[in-house]
Each structure stands twice: as C-alpha cells, then as structure tokens.
Amino acid sequence: MRIKNKYLKLKAPLKVTFNVTNKCNFKCIHCYNSSGENIDINKDELNSEEIKKALEELKKMEVYLISINGGEPFLRKDILEILSIAKKLGFIINLNTNGSLITKKIARQIVKIGIKNIDISFQANSSKNFKIFTKCNKYSKVIAGIKNLINVGIIPSLAFTITTKNAKWLPLTIKEAGLLGINTIHTIVLIERGRAIKGKLAVNMSELKNIYSQAIESGKKYNINLFLDCPFNLHEKLISSNFKNIEMDKGCFGGRYLMCIQSNGNVTPCALFPEYVVGNIRENRIIDIWNSPKMPVLSMKKYKLPNFCNNCKNLYSCYGGCPTSNFLFNKFLPDNFCPYFNN
C-alpha cells in the first residue's frame with residue numbers, strides 16, 4: 001500500500017474499527033463509549049444494509065482488517081450476518097465482545113463463518129470483583145462463553161484494561177486465564193473517556209511499571225503471552241527497563257493507518273476519540289472522509305502542540321504521543337505517559 005504524504009498517511013487505512021452498536025449488557029466503570037443497556041440509540045444506529053454498504057466501500061479501498069466492536073456486538077440480531085458479509089468480502093476480522101452472550105450454538109455459528117480472532121473483555125478474577133467493575137452479575141456467563149469458544153476450537157485472547165480499581169487483580173486474572181486455557185492477554189492502559197472521566201481510574205507511570213512487573217511474573221508462571229497497549233506502545237521488555245530508552249514509532253496511528261466508524265455512522269480517527277468527528281458515512285463516501293485534511297489528527301499544521309513537545313528532540317518520532325490522553329478544547333497537552341515530560 002502506497003504512502004500518501006509526508007505525514008505517513010496511507011491511501012486507505014490498514015485497519016478500521018467498526019463499533020456496530022453502543023448498546024451493552026454491561027455498564028463497566030471504565031467504558032470509553034459510555035455504553036449500556038438503557039441507551040435509546042436504535043433510531044441512530046446503522047442498519048444492516050448501511051453496514052453492508054460500508055463494508056463494500058472499505059473493501060474497494062483495500063482495507064486489510066476490520067475490528068468489530070461495540071457496545072456488545074451480540075446485542076445486534078444481525079451480528080452473525082454482519083460477520084458473514086465481512087468474511088465473504090475477504091477481510092481479516094477481529095471480533096471484540098464481553099463473551100457473555102456466546103452460547104454453544106453461537107460458538108458453532110462463529111466457527112462456521114470462519115471467525116478465528118476473538119478478544120474478550122475480562123476485567124476481574126472473580127464474580128465479586130467482576131460486579132464491582134461491570135455493575136452486573138454475569139461473570140459465570142462470561143466464563144461459559146469462553147469455554148464454549150474453546151470447545152469449538154477457538155482460543156480467544158483476553159483484553160484487560162488496567163485501572164486503579166482492578167490493577168491489583170491482574171496477577172489473579174492471569175492465573176484464572178491460564179486455568180481456563182487462555183494463552184494471550186492484551187493489557188490496555190486506560191484512556192479517560194466516557195464513564196472513565198469522572199472515576200479517577202488512570203494509573204501513572206510509576207504504578208504501571210510495578211503493575212506490569214508483577215504481571216510478567218504471573219504470565220511466565222501460567223504460560224500467558226502478555227502484550228501492553230498504551231499511548232507509547234510500550235513492550236514488556238521496555239516497560240520493565242528505563243523509560244528513557246523507549247523507541248517511539250511515529251506517534252498516533254489515528255487517521256494515518258487506522259480509523260473508526262461509530263454505531264451512528266460518524267467517522268473518527270480512532271475508537272477512543274468519539275468527539276473528534278471527521279464525517280458521517282450516511283452523508284459522505286468513506287474514501288472522501290479518509291482523505292479529509294482533518295483525518296490525520298497529528299498533522300503539525302492543524303493542531304498546536306505545547307511548547308514542551310515542540311521543543312523536544314523526539315517530536316518527529318512520537319508527534320506528541322496519544323492525542324486522546326490529553327486533548328482539551330482543541331489543543332494538546334503532553335501525553336500522560338510521555339517518558340520525557342514526566343521525568
């Protein structure tokens with residue numbers, strides 16, 4: 001795929017996150033979409049035909065990977081149809097779900113469609129802690145959903161968002177995952193959006209190093225592969241060492257390598273930036289939205305970074321870090337996880 005301009009933007013995104021619904025049967029305290037069961041969004045959500053049309057447009061653009069997200073995708077009655085269409089179009093598909101609605105029948109249908117990559121949001125190690133975090137009593141259903149997938153030959157990965165509320169549960173969660181037969185956990189550093197804004201849930205860099213050093217030991221013990229997703233894409237070997245040695249990979253990918261289509265058709269540079277709307281697929285072609293000068297969030301011509309960033313020798317390695325972590329009233333602040341600003 002050809003690079004389009006000096007901001008390393010591609011002619012089409014490699015990955016598109018498709019939030020097919022904002023409804024969810026959980027009410028997690030950290031949810032960036034503020035998803036929940038009592039959200040009246042049916043009239044605004046894209047219907048089956050609109051999603052099919054969007055997928056066909058993305059295929060013509062030569063998009064490589066589609067990540068199906070929510071809310072909870074399985075609250076849509078047509079989710080299996082959507083997955084089937086995406087698969088027939090030839091996309092690599094990553095399905096993100098809380099797992100609680102994956103029955104034995106649905107697990108068999110997922111296999112039949114050919115979906116292999118499934119991430120299950122898994123934020124706690126026990127029913128009690130699960131209720132604290134998700135505000136619901138569905139821990140046993142999540143465990144059942146995981147087992148249903150494993151029984152049909154799909155070993156899902158788990159997604160654990162590290163917050164001040166559940167960080168201490170991570171080693172025990174890793175143990176639980178190992179006992180279930182899981183071999184991969186993506187640990188995600190919280191970006192304060194949606195319900196997380198008021199919760200004071202974000203960990204700081206010092207806490208993160210301690211949390212992850214413990215997680216590494218648990219991962220080794222239970223044969224779990226751990227990956228850390230955060231604004232600076234810290235690998236476990238780097239986070240356990242001196243942050244000064246981090247090699248940052250050209251900053252945020254939003255609007256350059258990836259984009260997100262929200263459940264109402266709004267297009268944003270990434271899933272974690274729902275307020276930064278570039279266009280809507282009901283009104284514009286997706287290719288035109290992608291080519292909008294507003295799409296590459298970190299364009300130096302469009303957004304003013306703070307003096308600290310502008311004067312930093314590493315500016316053109318990180319481009320100011322993650323814009324969602326400290327975006328305020330149309331300006332950027334230094335990234336919470338910047339290893340230089342916080343030193």
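Calculation criteria
- Residues numbered from 1 in each chain as written.
- Predicted model: local features only at pLDDT ≥ 70, side-chain atom pairs only at ≥ 80, totals over all residues.
- Heavy atoms only, no water.
- Helix = DSSP H or I, 4+ residues; strand = E, 2+ residues; numbered from the N terminus.
- Buried < 20%, exposed > 50% of the residue type's maximum accessible area, 1.4 Å probe, protein only.
- Contact = heavy atoms within 4.5 Å.
- Pairing = 2+ DSSP bridges.
- Patch = residues over 30% accessible without salt bridge, like charges linked within 9 Å, V, L, I, M, F, W, Y side chains within 5 Å.
- Areas by Shrake-Rupley, 256 points an atom, 1.4 Å probe, with all protein chains shown as cover.
- Salt bridge = Lys/Arg side-chain N within 4 Å of Asp/Glu carboxyl O.
- Polar contact = N/O pair within 3.5 Å; in protein donor to acceptor, adjacent residues only side chain to side chain.
- Core = buried A, V, L, I, M, F, W, Y, C linked by side-chain atoms within 4.5 Å.
- Disulfide = S-S within 2.5 Å.
- Phe/Tyr/Trp six-rings, centres within 6.5 Å; stacked < 30°, edge-to-face > 60°.
- Lys NZ or Arg CZ within 6 Å of the ring centre and 35° of its normal.
- Arc of directions from axis to C-beta.

Caption draft 1: Layout of the overall build of the chain. When you go through the chain residue by residue, the secondary structure sums to eleven helices and twelve strands. Burial analysis of the chain (343 residues in total) assigns 55% to the buried set. Summarising the internal contacts of the chain: among those between residues at least 6 apart in sequence, 72% fall at separations of at least 24.

Caption draft 2: Representation of the pairing of strand β1 (residues 15-19). Counting buried positions along β1 yields four of five residues, so the element is predominantly enclosed. Both β1 and strand β2 (residues 65-69) contribute to a ladder of five bridges, which runs parallel. Each bridged residue has a counterpart across the sheet, and for Asn19 the counterpart in β2 is Asn69. As paired elements, β1 and strand β8 (residues 258-261) share four bridges and run parallel to each other. In the strand pairing of β8, Thr17 is matched with Cys260.

Caption draft 3: Up close: a nonpolar patch on the surface. Taken together, the side chains of Leu14, Tyr64 and Ile92 present a nonpolar region at the surface, about 270 Å² in accessible area. Along the chain, the position of Ile92 falls in strand β3 (residues 92-97).

Caption draft 4: The side chain of Thr268, seen in detail. Of note, Thr268 is situated in strand β9 (residues 266-268). At 2.8 Å, the side chain of Thr268 and the backbone oxygen of Cys270 are in polar contact. Ignoring any residue separated from it by four or fewer positions in sequence, one finds Thr268 in contact with Met259, Cys260, Gln262, Phe273, Pro274, Tyr276, Val277 and Met295.

Caption draft 5: Region of the structure containing unusual backbone geometry. Omega for the bond connecting Gly70 with Gly71 falls within 30 degrees of zero, at 10 degrees, which places this linkage in the cis form. The backbone of Glu62 sits at a positive phi, close to 70 degrees, despite the residue not being glycine. For Glu62, the location among the structural elements is in the loop between α1 (48-60) and β2. Residue Glu62 is classed as partly exposed on the basis of its relative accessible area of 48%.

Caption draft 6: Here's a closer look at the nonpolar core. Formed by 81 residues in total, the largest nonpolar core has its most connected members in Phe18 and Leu58. If we ignore the near neighbours within four places in the chain, the residues touching Leu58 are Val16, Val63, Ile66, Phe91, Met259, Ile261 and Ile286.

Caption draft 7: View of the state of the cysteines. The tally for this structure, following the rule as stated, stands at zero disulfides. Cysteine Cys24 remains unbridged, with the sulfur of Cys28 as its closest cysteine sulfur at 6.1 Å. For Cys24, a relative accessible area of 9% translates into the label buried.

Caption draft 8: Quick look at the packing of aromatic side chains. One pass over the full model with this rule turns up four aromatic pairs. Here the aromatic rings of Phe273 and Tyr276 are separated by 5.3 Å at their centres, their planes lie at 25 degrees, and the arrangement is stacked. Owing to a relative accessible area of 1%, Phe273 belongs among the buried residues under this scheme. Relative accessible area serves as the criterion here: at 7%, Tyr276 is assigned to the buried category. Taken together, the ring pairs connect Phe26, Phe122, Phe130 and Tyr139 into an aromatic cluster. In this structure, Lys59 is placed above the aromatic ring of Phe91, and the distance from its NZ or CZ to the ring centre is 5.7 Å. The residue whose ring lies beneath Lys294 is Tyr276, and the NZ or CZ to ring-centre distance is 5.9 Å.

Caption draft 9: Representation of the environment of Phe91 within the structure. Within the fold, Phe91 resides in the loop between α2 (79-88) and β3. Sequence separation between Phe91 and Glu62 is 29 residues; the distance between their C-alpha atoms is 9.2 Å. The contact partners of Phe91, leaving out residues within four places of it in the chain, are Leu55, Leu58, Lys59, Val63, Tyr64, Ile66 and Ala86.

Caption draft 10: Seen up close, helix α4 (residues 127-134). Taken as a whole, α4 has its buried residues at Asn129, Phe130, Phe133 and Thr134. One side of α4 carries all its buried residues, which in axial view fall inside an arc of 115 degrees. In this fold, the buried residues of α4 make contact with α5 (139-151).

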